[in-house]
Amino acid sequence: QIKKTSYHHEFASTQSHLAVIIPSVVRNNPDYHNLLVANYIFGGGGFGSWLMKEIREKRGLSYSVYSYLGSYKNHGYMRISLQTKNDNLKLTKKIIFNQIERLKKFDVEESEIELVKKSILRNFEMRTDTNRKLLNLLSAVNYRNLPLNYFQDYKNKLMSVNKESIKKALDSSIDFKKISVISVGKSVE
């Protein structure tokens, strides 16, 4: 179980590593696909995602910033990761929390959601284009005790996502009250 914490480990370096972790759902949770789409828009989609626009493109605070949904058998999480100059750590955290507030409201056009769903589906299909990738995916399906119709189910559930279902999932399946912030780097006075 993920608990709310704020921890900084002092380390002599020119950059700080930052991880922000928010409790979420496991992969077989009915809200998973809604959160997958929301995460893609938030920070999982690379260039074009909110985090990348605000942190890299507008301000140049980090070369890379991303978020992803991780899940184990009994718990899941959304993780935001980046590196930034030690001087920029405080500002970067502030921007991330501003974007988290934006995520909670999730004021996104349905047309953008439709584009994201198609992109996620293409990426999913690319994870099965070789025997090795297919074996890895089947192993993950088995490990997480997912149903045998997982591949068709994935597509159907993804395509049923919409703005309203995402907002409901964000309200009920992400624990924004237990955000953990962990950083490693040199403190700046």
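To be clear, the structure that these remarks concern was listed above.
In this text, all values refer to a predicted model and were calculated from it rather than measured experimentally.

Peer 1: I'd love a proper account of the side chain of K117, names of residues and values included.
Peer 2: For K117, the position within the fold is in helix α4 (residues 110-126). On the basis of relative accessible area, K117 is assigned to the buried category, the value being 2%. Sequence-distant contacts of K117, that is, excluding residues within four places in its chain, are made with V37, L158, M159 and V161.

Peer 1: Any details on the pairing of strand β4 (residues 76-85)? Residues and values, ideally.
Peer 2: Most of β4 is tucked away, with seven of its ten residues classed as buried. Pairing analysis gives ten bridges linking strand β2 (residues 15-24) to β4, with the strands arranged antiparallel. Looking across to β4, one finds that S16 is bridged to T84. The hairpin turn running from strand β3 (residues 65-71) into β4, its antiparallel successor, is four residues long.

Peer 1: Which residues make up the pattern of salt bridges, and what values go with them?
Peer 2: Under the counting rule described, the total for this entry stands at seven salt bridges. K117 is the partner of E114 in a salt bridge, and the nearest nitrogen-oxygen pair spans 2.8 Å. Linking E114 with K117, this pair stays in helix α4, spanning three residues, or about one helical turn. Taking relative accessible area as the criterion, E114 reaches 32% and is therefore assigned partly exposed. Where K157 meets D153, a salt bridge forms, and the shortest distance between an N and an O atom there is 3.1 Å. Here the residue K157 and the residue D153 both occupy positions in helix α6 (residues 150-159), the gap between them amounting to four residues, near one helical turn. Residue D153 is classed as partly exposed on the basis of its relative accessible area of 21%.

Peer 1: Give a description of helix α3 (residues 89-105) that names residues and reports values.
Peer 2: The first and last C-alpha atoms of α3 sit 25 Å apart over 17 residues, in line with the 24 Å expected at 1.5 Å per residue. Every buried residue of α3 is listed here: L89, T92, I95, I96, Q99, I100 and L103. Each buried residue of α3 sits inside an arc of 145° when the element is viewed along its axis, so together they form one side. The exposed residues of α3 that point more than 90 degrees off its buried face are K90, K94 and K105. Elements that come into contact with the buried residues of α3 comprise β2, α1 (32-44), α2 (50-57), β4, α7 (163-173) and β5 (180-185). One or two residues past the end of α3 sits F106, with phi positive at roughly 45°.

Parameters at a glance
- Residues numbered from 1 in each chain as written.
- Predicted model: local features only at pLDDT ≥ 70, side-chain atom pairs only at ≥ 80, totals over all residues.
- Heavy atoms only, no water.
- Helix = DSSP H or I, 4+ residues; strand = E, 2+ residues; numbered from the N terminus.
- Buried < 20%, exposed > 50% of the residue type's maximum accessible area, 1.4 Å probe, protein only.
- Contact = heavy atoms within 4.5 Å.
- Pairing = 2+ DSSP bridges.
- Salt bridge = Lys/Arg side-chain N within 4 Å of Asp/Glu carboxyl O.
- Expected span 1.5 Å × (residues − 1).
- Arc of directions from axis to C-beta.

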